[in-house]
Amino acid sequence: MSIVTRFAPSPTGHLHLGHAHSALFGWHAATDQGGRFLLRVEDIDPSRCRPEYEADLLEDLAWLGPRWPEPVRRQSEHITDYRAALDRLDQLGVTYPCFCTRREIEQEIAAAGHAPHGPDGPLYPGTCRALAPAERAARVAAGTPFATRLDTHRALELTGPLTWRDRAAGEIAATPEILGDAVLARKDVPTSYHLSVTVDDALQEITLVTRGVDLFHATHLHRLLQTLLGYPTPDYHHHGLLTNERGERLAKRDKAVSLRALRAAGKTAAEVRSMAGFP
Ligand code: GLU
């Protein structure tokens, strides 16, 4: 089967060497084997994404070397796809509306005295999962804003145990419960990273998801969503992260290693590819 990979940056800042590593990793994983490399712009968060960052990232990436087919998939243009997937999950009975504010969640966790922690911090305590159906309906009817969460335990009861394959880490038993009842659609945006990425990887027929090991935990949830939605499961390769001289992972605030800054300082694309680990 021919390999299809993707690089899926969010236009929330300028690309840096860590992104270059990730893009080149995906590009080589596909094209060295005669496969296809796609680019996807993950711009569902209007408060953080900016069109000028998108224009810059397309230019920086083309300068760096990878090539991709047009048109690029831009998530903000495909909200109806995510809504359709959410409807299917609703029909399966594995979602619930969550009316909690961030503050209420914090207070609930503080009052409980302890809270299980996941990779992104304390887990949602499940307050709205326990709401009576009539109360839920009344709040929705009253126009109270809500997010949509996955009832992870109920979902796992439907699917049974799941596994996925990582090219670096091997066969992995999926444990999506480490993320608690994740948000599938936010109050302000009718989708989420987890839902959009799962839908897009399926619609774009990605066969190998390459991304940083910082997103390894997310794959447990994506694997569950794939089964619920009837999607195939791609292979995964979570790669290591580049670090700065202090051993910290590179972030968009590390301006000195942005591809823009390196270009402005006179580096060639070949030199930057080499700095990103692909000589
Ligand atoms: N948009 C995500 C990011 O910029 C990457 C998503 C993915 O590769 O699954 O971190």
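Residues numbered from 1 in each chain as written. Predicted model: local features only at pLDDT ≥ 70, side-chain atom pairs only at ≥ 80, totals over all residues. Heavy atoms only, no water.

We count it as follows: UniProt positions are given in the numbering used here, feature names are shortened, and annotations may be inferred rather than shown by experiment.
Under the annotation held in an unreviewed UniProt entry, the protein carries the name Glutamyl-tRNA synthetase and is attributed to Skermanella stibiiresistens SB22. Taken verbatim from the UniProt record of the protein, the Sequence similarities (unreviewed entry) comment is "Belongs to the class-I aminoacyl-tRNA synthetase family."

## As for the overall build of the protein
Quick reminder of the rule: Only DSSP runs of H or I covering at least 4 residues are called helices, and only runs of E covering at least 2 are called strands; the numbering of each starts at the N terminus. Only C-alpha atoms enter the radius of gyration; for comparison, a globular chain is expected to reach 2.2 Å times N to the power 0.38, where N is the number of residues. Residue burial is assigned from relative accessible area. The probe radius is 1.4 Å, only protein chains are included, and a residue is buried under 20% of its type maximum, exposed over 50%, and partly exposed in between. The protein chains shown are the only cover counted for residues, whose accessible areas, like all others here, come from Shrake-Rupley with a 1.4 Å probe. When charges are counted, neither His nor the chain ends are considered; positive counts come from Lys and Arg and negative counts from Asp and Glu. A single reference atom marks each charge: NZ on Lys, CZ on Arg, CG on Asp, CD on Glu.
When helices and strands are tallied, the protein shows 10 helices and 12 strands. Taken over C-alpha atoms, the radius of gyration comes to 20 Å for the protein, in line with the 19 Å a tight globule of 279 residues would show. When the backbone C-alpha atoms are referred to their principal axes, the protein occupies close to 65 × 40 × 35 Å. Buried positions account for 49% of the 279 residues belonging to the protein. Surface summary for the protein: the accessible area is close to 13700 Å², and the carbon and sulfur share equals 53%. Considering the protein, the positive charge centre built from 32 side chains and the negative charge centre built from 35 side chains are found 2 Å apart.

## Side note on the pattern of salt bridges
In plain terms, the rule: Whenever a carboxyl oxygen of Asp or Glu lies within 4 Å of a side-chain nitrogen of Lys or Arg, that contact is scored as a salt bridge.
The final tally for this structure, using the stated rule, is 23 salt bridges. Between Arg 40 and Asp 201 there is a salt bridge; the shortest N-O distance is 3.0 Å. One end of the pair, Arg 40, is in strand 2 (residues 36-41); the other, Asp 201, is in helix 7 (residues 193-203), with 161 residues separating them in the sequence. Accessibility assignment for this pair places Arg 40 and Asp 201 in one class, buried. Note that Asp 60 and Arg 260 form a salt bridge whose closest N and O atoms lie 2.9 Å from each other. Here the residue Asp 60 occupies a position in helix 2 (residues 51-64), and Arg 260 occupies one in helix 9 (residues 259-264), the gap between them amounting to 200 residues.

## Quick word on the site of the ligand
Condition: Summary of the distance rule: residues count as near a molecule or strand when at least one heavy atom falls within 4 Å of that molecule or strand. Each residue is assigned to one of three groups, with Ala, Val, Leu, Ile, Met, Phe, Trp, Tyr, Cys and Pro labelled nonpolar, Asp, Glu, Lys and Arg labelled charged, and all others, Gly among them, labelled polar.
Neighbouring the ligand are the residues Arg 6, Ala 8, Pro 9, Ser 10, Glu 42, Tyr 193, Val 197, Arg 211 and Leu 215. Residue composition of the shell around the ligand, by class: 5 nonpolar, 1 polar and 3 charged.

## Here we look at the packing of helix 7 against helix 8 (residues 216-229)
The line we're drawing: The angle between two axes is taken between their N-to-C directions and runs from 0 to 180 degrees, where each axis is a line fitted to C-alpha atoms and a helix contributes only its stretch in contact. Between 65 and 115 degrees an angle is taken as roughly perpendicular, under 35 as roughly parallel, over 145 as roughly antiparallel, and anywhere else as oblique. Less than a right angle of anticlockwise turn of the near helix away from the far helix marks a crossing as left-handed, whereas a clockwise turn marks it as right-handed. In what follows, residue pairs with any heavy atoms lying within 4.5 Å of each other are defined as contacts.
It is at 10 Å that the axes of helix 7 and helix 8 come closest, and there the two elements cross at 60 degrees. By the angle between their directions, the pair helix 7 and helix 8 is classed as oblique. Read as a crossing pair, helix 7 and helix 8 show a hand that is right-handed. From helix 7, Tyr 193, His 194, Leu 195, Val 197 and Thr 198 reach across to helix 8, where they touch Ala 218, Leu 221, His 222, Leu 225 and Gln 226. Class assignment for the residues of the contact of helix 7 with helix 8 results in 6 nonpolar, 4 polar and no charged.

## A short note on the environment of Thr 163
Applied cut-off: Within 3.5 Å is the distance limit for a polar contact, defined as a pair of N or O atoms, with the added protein rule that one can donate a hydrogen and the other accept it, and that residues adjacent in sequence qualify only through two side-chain atoms.
Looking at the element boundaries, Thr 163 is found in strand 8 (residues 163-166). By relative accessible area, which is 39% here, Thr 163 ends up partly exposed. Along the backbone, Thr 163 and Thr 175 are 12 residues apart, and their C-alpha atoms lie at a distance of 8.8 Å. If we ignore the near neighbours within four places in the chain, the residues touching Thr 163 are Glu 171, Ile 172, Ala 173, Ala 174 and Arg 223. Engagement of the side chain of Thr 163 in a polar contact is seen with the side chain of Glu 171, the distance being 3.2 Å.

## Points about helix 7
The buried count for helix 7 comes to 9 of 11 residues, which makes it a mostly enclosed element. For helix 7, the set of buried residues is His 194, Leu 195, Ser 196, Val 197, Thr 198, Val 199, Asp 200, Asp 201 and Ala 202. A positive backbone phi angle near 55 degrees is found at Glu 205, which sits one or two residues after helix 7.

## Observations concerning the sheet that holds strand 1 (residues 4-7)
Going by this rule: By this definition, two strands are paired if DSSP reports at least two bridges between them.
With parallel pairing, the 3 strands of this open sheet are ordered in space as 1-2-3. Only two strands of the sheet have a single neighbouring strand rather than two, namely strand 1 and strand 3 (73-74). In terms of strand pairing, strand 2 meets strand 3 through 2 bridges, oriented parallel. Pairing of Val 41 across the sheet is with Arg 74, part of strand 3.

## Quick look at the packing of aromatic side chains
Keep this limit in mind: Two aromatic rings from Phe, Tyr or Trp, using only the six-membered ring of Trp, form a pair when their centres are within 6.5 Å; if the ring planes differ by under 30 degrees the pair is stacked, by over 60 it is edge-to-face, and anything between is tilted.
For the coordinates displayed, the defined rule picks out 4 aromatic pairs. Taking the centre distance of 5.8 Å and the plane angle of 65 degrees together, the rings of Phe 99 and Phe 146 count as edge-to-face. Of the two residues, Phe 99 is situated in the loop between strand 4 (95-98) and helix 4 (102-112) and Phe 146 in the loop between helix 5 (133-141) and strand 7 (147-150); the sequence distance between them amounts to 47 residues. Relative accessible area serves as the criterion here: at 5%, Phe 99 is assigned to the buried category.

## Some details on the layout of surface pockets
Quick reminder of the rule: Using only the protein atoms, space was sampled on a 1 Å grid; points where a 1.4 Å probe fits but cannot get out form cavities, open sets with protein on both sides within 12 Å along at least five of seven lines form pockets, and lining residues are those with an atom within 4 Å of a point. Grid points are joined across faces, edges and corners, and a volume is the space filled by probe spheres set on the points.
The volume enclosed by the second largest pocket comes to roughly 220 Å³. The wall of the second largest pocket is formed by 15 residues, among which Pro 116, Leu 123, Tyr 124, Pro 125 and Gly 180 lie closest to the centre. Mapped onto the lining of the second largest pocket, the elements with two or more residues apiece are helix 4 and helix 6 (152-159).

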